[in-house]
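Descriptive analysis of the structure
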Amino acid sequence: MRGTWTQELIGGKPADVYTPPGKPRFGVLYLHPVGLETLVDRPAFTRILDELQLACVCPHGQHSWWTDRICREFDPQLTAERHLLDNVVPYFRTRWNILPRGIGLLGISMGGQGALRLAFRHADLFPVVAGIASALDYHEFYGRGLTLDEMYDSKEQCRQDTALMHVPPYNPPPHVFFCVDPDDIDWIRGNDRLHEKLNALGVAHTADLTTEAGGHSWEYFNHMAEPALRFIYDGLDKESRRLL
């Protein structure tokens, strides 16, 4: 028996929602990449969601980079981060009675940096996060005619808002996973820098910077679906036992 994907309105904005067969213990909040692809029609991910009985919500964030900055393409008044915190996270409780600390963050590329950034900024809410091919140095794309040019006043202001600048000095998320193909020329350095920074701060994390599976492509994303989702499940399971 397999679960089902449906499209719902959450806070007046669309989201793809996956309900597994049976009652889920945990949930996954997935943040999409710049191509806006959710996990619908991605069997590499759905298969593991099924196996682990994970509910999943994939909100549509446009090209907001999942920040706390206004992106008019997404909404002229509401930031993507506030939408996630104020609308999407409560949906897990309303739909499946899953509380915030039972939700794991998962993202790809633009969404990977967004997931890591959100976890670093709100470690009290999100103990588990996994980023695949995370676009951590997105400030390097400032000035190229993207939505970033409207969201920030300068490249430096943009850089100051990246995930690396939000790593908390105390009480970071206890379960952090990120990975990138070494042939992913745009994003390998940022992931390596995050690995170095977390090591320097003594922050426990799991980083795979060596697996090669197609560069920055869905071939690689699909290849890393299972380790990322299993990391999320195992982390949430450990947290649930710790709170007993």
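The structure contained in this document is the topic of the report that follows. (Residues numbered from 1 in each chain as written. Predicted model: local features only at pLDDT ≥ 70, side-chain atom pairs only at ≥ 80, totals over all residues. Heavy atoms only, no water.)

**Digging into the pairing of strand β7 (residues 175-179)**
Within β7, five of the five residues are buried, leaving the element largely enclosed by the surrounding structure. Burial along β7 is two-sided: the residues His175, Phe177 and Cys179 and Val176 and Phe178 are all buried. As defined by bridge partners, strand β6 (residues 128-132) adjoins β7 across five bridges and the pair is classed as parallel. Directly across from Ile132, in β7, lies its bridge partner Cys179. Bridge count for β7 against strand β8 (residues 206-208) is three bridges, and the pairing is parallel. Bridge pairing links Cys179 to Asp208 in β8. A crossover links β7 with its parallel partner β8, the connecting element being helix α6 (residues 188-201), and its sense is right-handed. (Buried < 20%, exposed > 50% of the residue type's maximum accessible area, 1.4 Å probe, protein only. Helix = DSSP H or I, 4+ residues; strand = E, 2+ residues; numbered from the N terminus. Pairing = 2+ DSSP bridges. Right-handed = clockwise from strand over helix to strand, strands pointing away.)

**Overview of the packing of helix α2 (residues 80-96) against helix α3 (residues 110-121)**
With their axes 12 Å apart at the nearest point, α2 and α3 run at an angle of 65 degrees to one another. In the packing of α2 onto α3, the handedness of the crossing is right-handed. Residues Glu81, Leu84 and Leu85 of α2 lie in contact with α3, whose contacting residues are Arg117, Leu118 and Arg121. Taken together, the residues of the contact of α2 with α3 sort by class into three nonpolar, no polar and three charged. (Axes fitted to C-alpha atoms, helices over the stretch in contact; angles between N-to-C directions. Left-handed = near helix turned anticlockwise from the far one by under 90°. Contact = heavy atoms within 4.5 Å. Nonpolar A, V, L, I, M, F, W, Y, C, P; charged D, E, K, R; others polar.)

**So, helix α1 (residues 43-52)**
Of the positions making up α1, those classed as buried are Phe45, Thr46, Ile48, Leu49, Asp50 and Leu52. Of the residues one or two after α1, Gln53 is the one with positive phi, at around 55 degrees.

**Let's talk about the packing of aromatic side chains**
The tally for this structure, following the rule as stated, stands at 10 aromatic pairs. When the centroid spacing of 5.0 Å and the interplanar angle of 50 degrees are considered together, the rings of Trp5 and Tyr18 count as tilted. With Trp5 in strand β1 (residues 4-10) and Tyr18 in strand β2 (residues 13-19), the pair connects residues that are 13 residues apart, well separated along the chain. Exposure remark for Trp5: the relative accessible area of 23% places this residue in the partly exposed category. Relative to Tyr138, the ring of Trp65 lies with its centre 5.0 Å away and its plane at 25 degrees, an arrangement referred to as stacked. In this pair, Trp65 is assigned in the loop between β4 (54-59) and α2 and Tyr138 in the loop between β6 and α4 (148-151), connecting sequence segments 73 residues apart. (Phe/Tyr/Trp six-rings, centres within 6.5 Å; stacked < 30°, edge-to-face > 60°.)

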